Amino acid sequence: MSDSTLWWLLAGSTVALELFTGTFYLLMLAVGMVAGALAAHAGLGMAGQLSVAAITGSAAVVACYLIKKRRPTDPSVRALRSVNLDVGEILLIDEWNVDGTASVQYRGARWTAIQRPGNPPTPGTYRVAELVGSRLLVDKV
């Protein structure tokens, strides 16, 4: 069996494995294996084929990672008003506890409110940003 045939079989197997797992990075590794197959067709030795496959596959994985990292993430489902009707409601918080929580009366029950990290706990009007477990994450209005 020729080297190029081996590379093509490896690339096809990697694509098939990606279809079962859904890991997009396996497709990038398959691109590296295709580059190895093309290097074999070009007559490079095994060391050259491995180098071309490794460099191409690694570069594709790194490029995919960097593109994915730059893309803004979707907002949390817990912060969508269509999922949770509490999001966007206004609360009045009279005082904050030492641990950074506040106890508020909301919808006829006692709730624990928390803020995003880094915000100073000052009394006032707050808007519910999302529901985190049984706590209300609030932002200053």
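Computed from a predicted structure; not experimentally measured. (Residues numbered from 1 in each chain as written. Predicted model: local features only at pLDDT ≥ 70, side-chain atom pairs only at ≥ 80, totals over all residues. Heavy atoms only, no water.)

Chemist: Hey, could you run me through the nonpolar core in this one?
Modeler: Here is a general trend for soluble globular proteins: nonpolar side chains tend to be buried in one another's company. Formed by 13 residues in total, the largest nonpolar core has its most connected members in Leu91, Ile93, Val104, Leu136 and Val138. Secondary structure elements with two or more residues in this core: β1 (90-93), β2 (101-106), β3 (109-115), β4 (124-132) and β5 (135-140). Not counting chain neighbours up to four residues away, the residues in contact with Val104 comprise Leu91, Leu92, Ile93, Ala109, Arg110, Trp111, Ala113 and Leu136. Listed in part, the six residues of the second largest apolar core include Ala11, Ala37, Ala40 and Ala53. (Core = buried A, V, L, I, M, F, W, Y, C linked by side-chain atoms within 4.5 Å. Buried < 20%, exposed > 50% of the residue type's maximum accessible area, 1.4 Å probe, protein only. Helix = DSSP H or I, 4+ residues; strand = E, 2+ residues; numbered from the N terminus. Contact = heavy atoms within 4.5 Å.)

Chemist: Is there a simple way to think about the sheet that holds β2 in this case?
Modeler: Note: strands within a sheet are paired through backbone hydrogen bonds, in either parallel or antiparallel orientation. Strands sit in the order β1-β4-β5-β3-β2 across an open sheet of five strands; the sheet is mixed. Edge positions in the open sheet fall to β1 and β2, since each of these has one partner strand only. In this sheet, neighbouring strand axes are inclined to one another by 50° on average, regardless of whether the strands run parallel or antiparallel. The sheet contact formed by β4 and β5 spans six bridges and is antiparallel. Residue pairing across strands places Tyr126 opposite Lys140, the latter belonging to β5. (Pairing = 2+ DSSP bridges. Axes fitted to C-alpha atoms, helices over the stretch in contact; angles between N-to-C directions.)

Chemist: What should I look at first to understand the side chain of Thr101 in this one?
Modeler: Looking at the secondary structure, you find Thr101 in strand β2. For Thr101, the side chain forms a polar contact with the side chain of Asp99, separated by 2.7 Å. Excluding residues within four positions of it along the chain, Thr101 makes contact with Trp96, Thr112, Ala113, Ile114 and Arg135. (Polar contact = N/O pair within 3.5 Å; in protein donor to acceptor, adjacent residues only side chain to side chain.)

Chemist: Would you explain the side chain of Ser4 in this entry?
Modeler: As for its placement among the helices and strands, Ser4 is situated in helix α1 (residues 3-21). Here Ser2 takes part through its side chain, which lies 3.3 Å from a polar atom of the side chain of Ser4. Excluding its chain neighbours within four sequence positions, the residues that come into contact with Ser4 are Ala37, Ala40 and His41.

Chemist: Whenever I open this one, the environment of Val77 confuses me. Can you help?
Modeler: Of note, Val77 is situated in the loop between α3 (46-70) and β1. Spatially, the C-alpha atoms of Val77 and Leu131 are 9.6 Å apart, while their sequence positions differ by 54 residues.

Chemist: Can you help me understand the packing of aromatic side chains in this one?
Modeler: The geometry of an aromatic ring pair is captured by the separation of the ring centres together with the interplanar angle, meaning the angle of the planes. Applying the stated criterion across every chain, the model contains two aromatic pairs. With a centroid separation of 5.4 Å and 75° between ring planes, the pair formed by Trp96 and Tyr126 is classed as edge-to-face. Placement of Trp96 in the loop between β1 and β2 and of Tyr126 in strand β4 is noted, with a sequence separation of 30 residues between them. Of the residues examined, Trp96 reaches a relative accessible area of 12% and is grouped as buried. Accessibility expressed as a relative area gives 0% for Tyr126, which makes it buried. Seen from their ring centres, Tyr106 and Trp111 are 5.9 Å apart, and the 70° between their planes marks the pair as edge-to-face. Of the residues examined, Tyr106 reaches a relative accessible area of 9% and is grouped as buried. (Phe/Tyr/Trp six-rings, centres within 6.5 Å; stacked < 30°, edge-to-face > 60°.)

Chemist: Could you clarify how one ought to interpret the packing of helix α2 (residues 24-41) against α3 in this entry?
Modeler: Between α2 and α3, the least distance of the axes is 7 Å, while the angle of their chain directions is 150°. Considering their axes alone, α2 and α3 lie roughly antiparallel with respect to each other. As α2 runs across α3, the sense of the crossing is right-handed. Packed against α2, whose contacting residues are Phe24, Tyr25, Met28, Leu29, Val31, Gly32, Ala35, Gly36, Ala39 and Ala40, the element α3 presents Gln49, Val52, Ala53, Thr56, Gly57, Ala60, Val61, Cys64, Tyr65 and Lys68 at the interface. (Parallel < 35°, antiparallel > 145°, perpendicular 65-115°, else oblique. Left-handed = near helix turned anticlockwise from the far one by under 90°.)

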